[in-house]
Amino acid sequence: MARLGLILGDQLNANHAVLDALDAERDRLAMGEIVDEASYVPHHVKKIVLVFAAMRHRARELQNQGWTVDYHLFDSNSEIRSFGGLLDQAVAAHDIDEVLIAQPGEWRVLEHLQNWAGERGVKLTVLPDRRFVSELDDFNDWAAGKKQLRMEFFYRQVRQRTGLLMADGEPVGGVWNLDAENRKKWSGDPPAPRVKGFEPDDITQAVIDLVGAQLKGFGSIEGFDYPVTRQQAQAALVDFIENRLAYFGDYQDALDDGEDYLFHSRLSASLNIGLLDPMDVCRAAEQAYGQGDAPLNAVEGFIRQIIGWREFIRGIYWYLMPEYAQRNTLGHDQPLPEWYWSGETQMRCLAKAVDQTRREAYAHHIQRLMVTGNFALLLGVLPKEICDWYLAVYIDAYEWVELPNTLGMVMHADGGVVGSKPYAASGKYIERMGNHCKHCRYKVKDTLGEDACPFNALYWDFLMRHREDFESNNRMRMMYRNVDRMDEEKQSAIQARAEWIRIHINDL
Ligand code: FAD
Ligand code: DLZ
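Anyway, here's the lowdown on the structure attached to this text. This one's a predicted model, so the numbers in the text were calculated from it and none came from an experiment.

Our focus in this paragraph is the site of ligand 1. Surrounding ligand 1, one finds 29 residues, the nearest of these being H264, S265, R266, N272 and Y362. Within the contact set of ligand 1, a nitrogen atom lies 3.4 Å away from a side-chain nitrogen or oxygen of Q305. A distance of 2.6 Å is found between an oxygen atom of ligand 1 and a side-chain nitrogen or oxygen belonging to Y362. Coverage of ligand 1 by the protein amounts to 99% of the 810 Å² it exposes when considered alone. Mapped by element, the contributors of at least two residues to the shell around ligand 1 are α11 (268-272), α13 (296-320), α16 (365-379) and α18 (399-410). When the residues that make up the shell around ligand 1 are grouped by side-chain class, the tally is 15 nonpolar, nine polar and five charged. The two domains that each donate at least three residues to the shell around ligand 1 are domain 2 (136-195 + 244-320) and domain 3 (339-507).

Counted under the stated rule, the structure contains 37 salt bridges. In this structure, E61 and R230 form a salt bridge, with 3.3 Å as the shortest nitrogen-oxygen distance. Note that E61 is positioned in helix α3 (residues 45-64) and R230 in helix α9 (residues 230-243), a separation of 169 residues in sequence. Its relative accessible area of 23% is what places E61 among the partly exposed residues. Among the salt bridges present, the one from R348 reaches D257, with a minimum N-O distance of 2.5 Å. On the criterion of sequence distance, the pair formed by R348 in helix α15 (residues 348-360) and D257 in the loop between α10 (245-248) and α11 is long-range, its members being 91 residues apart.

Another aspect to go through is the site of ligand 2. If you check the shell around ligand 2, you find 19 residues, and the closest are G9, D10, G32, I34 and E37. At a separation of 2.7 Å, a nitrogen atom of ligand 2 approaches a polar backbone atom of G32. Within the side chain of Y40, a nitrogen or oxygen atom sits 3.5 Å from an oxygen atom of ligand 2. If ligand 2 stood free it would expose 480 Å²; the protein chains cover 100% of that surface. If you list the elements that add at least two residues to the shell around ligand 2, you get α2 (35-39), α3 and α5 (107-120). Ranked by residues supplied to the shell around ligand 2, first place goes to α3 with three residues. Residue classes in the shell around ligand 2 are distributed as ten nonpolar, four polar and five charged.

The terminal C-alpha atoms of α3 lie 29 Å apart, and with 20 residues this matches the ideal 28 Å at 1.5 Å per residue to within 8%. For α3, the buried fraction is high: 16 of the 20 residues fall into the buried class. Phi turns positive one or two residues past the end of α3, at G66, with a value near 105°.

The parallel open sheet is built from five strands, whose spatial order is β3-β2-β1-β4-β5. The sheet terminates laterally at β3 (68-72) and β5 (123-127), the two strands that pair on one side only. Strand-to-strand twist across the sheet, computed as the mean angle between neighbouring axes with direction ignored, equals 25°. As paired elements, strand β4 (residues 96-102) and β5 share five bridges and run parallel to each other. Of the residues in β5, the one forming a bridge with I101 is V126. Contacts from α3 reach β2 (28-32) and β3, with the element oriented near 155° to β3. Packing of α5 onto the sheet brings it into contact with β1 (2-6), β4 and β5, and relative to β5 it is tilted by some 155°.

Attention now goes to the packing of aromatic side chains. Taken as a whole and judged by the stated rule, the model has 31 aromatic pairs. Arranged with centres 6.0 Å apart and planes meeting at 40°, the rings of W107 and W318 form a pair that is tilted. Of the two residues, W107 is situated in helix α5 and W318 in helix α13; the sequence distance between them amounts to 211 residues. Measuring from centroid to centroid gives 4.8 Å for Y459 and W460, while their planes differ by 65°, and the two rings are edge-to-face. On the accessibility criterion, W460 (15% relative accessible area) is buried. Here a set of aromatic residues connected by ring pairs shows up, and it is made of W339, Y340, F375, W389, Y390, Y394 and F455. A cation sits over an aromatic face here: R314 above F132, 3.9 Å from the ring centre.

Rules used throughout
- Residues numbered from 1 in each chain as written.
- Chains lettered and ligands numbered in written order.
- Predicted model: local features only at pLDDT ≥ 70, side-chain atom pairs only at ≥ 80, totals over all residues.
- Heavy atoms only, no water.
- Near = heavy atom within 4 Å.
- Polar contact = N/O pair within 3.5 Å; in protein donor to acceptor, adjacent residues only side chain to side chain.
- Areas by Shrake-Rupley, 256 points an atom, 1.4 Å probe, with all protein chains shown as cover.
- Helix = DSSP H or I, 4+ residues; strand = E, 2+ residues; numbered from the N terminus.
- Nonpolar A, V, L, I, M, F, W, Y, C, P; charged D, E, K, R; others polar.
- Domains from an automatic or database assignment.
- Salt bridge = Lys/Arg side-chain N within 4 Å of Asp/Glu carboxyl O.
- Buried < 20%, exposed > 50% of the residue type's maximum accessible area, 1.4 Å probe, protein only.
- Expected span 1.5 Å × (residues − 1).
- Pairing = 2+ DSSP bridges.
- Axes fitted to C-alpha atoms, helices over the stretch in contact; angles between N-to-C directions.
- Contact = heavy atoms within 4.5 Å.
- Phe/Tyr/Trp six-rings, centres within 6.5 Å; stacked < 30°, edge-to-face > 60°.
- Lys NZ or Arg CZ within 6 Å of the ring centre and 35° of its normal.

Put into structure tokens, the structure is as follows:
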């Protein structure tokens, strides 16, 4: 009898727990390019290329280290269509009595594997997923018994535990969070450096050809240049630290009509498939601060995204799944506009965000939160539809991270678990943070009339529709005072305009 380690396509980390638990001389590893995984949502084709190319490079690395890796290549007609099918084949061929995995990133995969093991009578051992700084038990212990779960307090605890940006038990600089300094508009100076890209090698090119021929997903496969190995991901990290980190904080919330990345890291894709270790990334940023190469607001802001938001979001997912995915606290029911897929809308900020998403499988946080996300919230899109869209279109999208960000942070459909108030904003916010409005067919200053920015009427209408949900929220008092300054006639005209927008949404 032998043991088999299943290495999932987003768990390519060198410190994978299964590798420590198995013996390379006696046991086997399995990896597979699986039809169901490539099609459970219409993934961006660049995401599929990334996962398959990184898996193939990782399999070769493991073989060079002495592991026996049974690697299943993608074939759309293959009889093997699921992880269960892959394991069936391995069990039949090699007399396997125990399968080891690291905790998968998605509930559906864990459930599928547990069902498979139960039905086949094979022992399944689930080991910790080491792609994170905190264990799930750390989060569960912290969350237990709390009325409210707030990222800021979880983050402080992780800072203390890791010692990142800490001196004598106190936060470096005397405050935990310098977010208030990180809201500058960017007007072209300093110029945004190009993000380092990587030319596909023969392995990656073969995957690009395969995906182009056999898989119909979302977006463009042209110009794939993401890191697919640990060495490349490390080079991408160095590129960020040397060229963009210093301004990450200042322009973290900025929007720009002509720049895809501004000073963001573009490291989520590598972090989420295990090519980069989150602590290594944070230490590299901390070191840049120590050497005087980046200011504290940039480094603290960046580290908070990783040991704060990334870990908090993952903790929420596993703390509240599977029930969490069903939530729709605000009772939203509108279909997702067709132009979320095509990009064909005259609303400039949305057209730009979708265009970039189609090209690069990437949009930065403020585009996801305040442009495509905010609009879906104001419109009242059915949470499942917008969640499925985010899960499909981004290179870094896995349910553990996509779902709490979309259902919780953006749609406020979780009743306020992730955020204490919805991130609802009118066109004024988008105008303040960037230059899209200057190029837009709609007038950001107007709320009524056919040329008025649709965000505006939808924003006021959202507040009016959800008065009972939010009126008593302290952080929204000012918004409701502004609603109450309008006379009834204006309120009705706004509601009528919002209704018109909802009816004609696909023509805007
Ligand atoms: P940077 O701005 O450079 O930030 C550094 C790192 O911090 C990121 O690489 C990421 O690992 C982490 N991070 C920052 N914010 C978050 C956050 N809110 N949650 C988790 N990690 C964070 N991130 C994903 O990795 N996958 C997703 O599927 C995803 N879906 C999102 C959906 C919505 C609606 C929103 C609002 C945010 C989503 N995010 C997601 C978070 C964030 O937008 C992306 O991590 C970020 O844009 C990736 O680009 P970057 O690497 O340049 O990030
Ligand atoms: C996202 C993805 C894709 C597109 N394809 C595969 C695959 O063929 N084989 C595989 O092992 N993993 C793939 N993945 C990642 C899985 O979907 C991932 O393990 C789950 O989404 C859990 O995070």
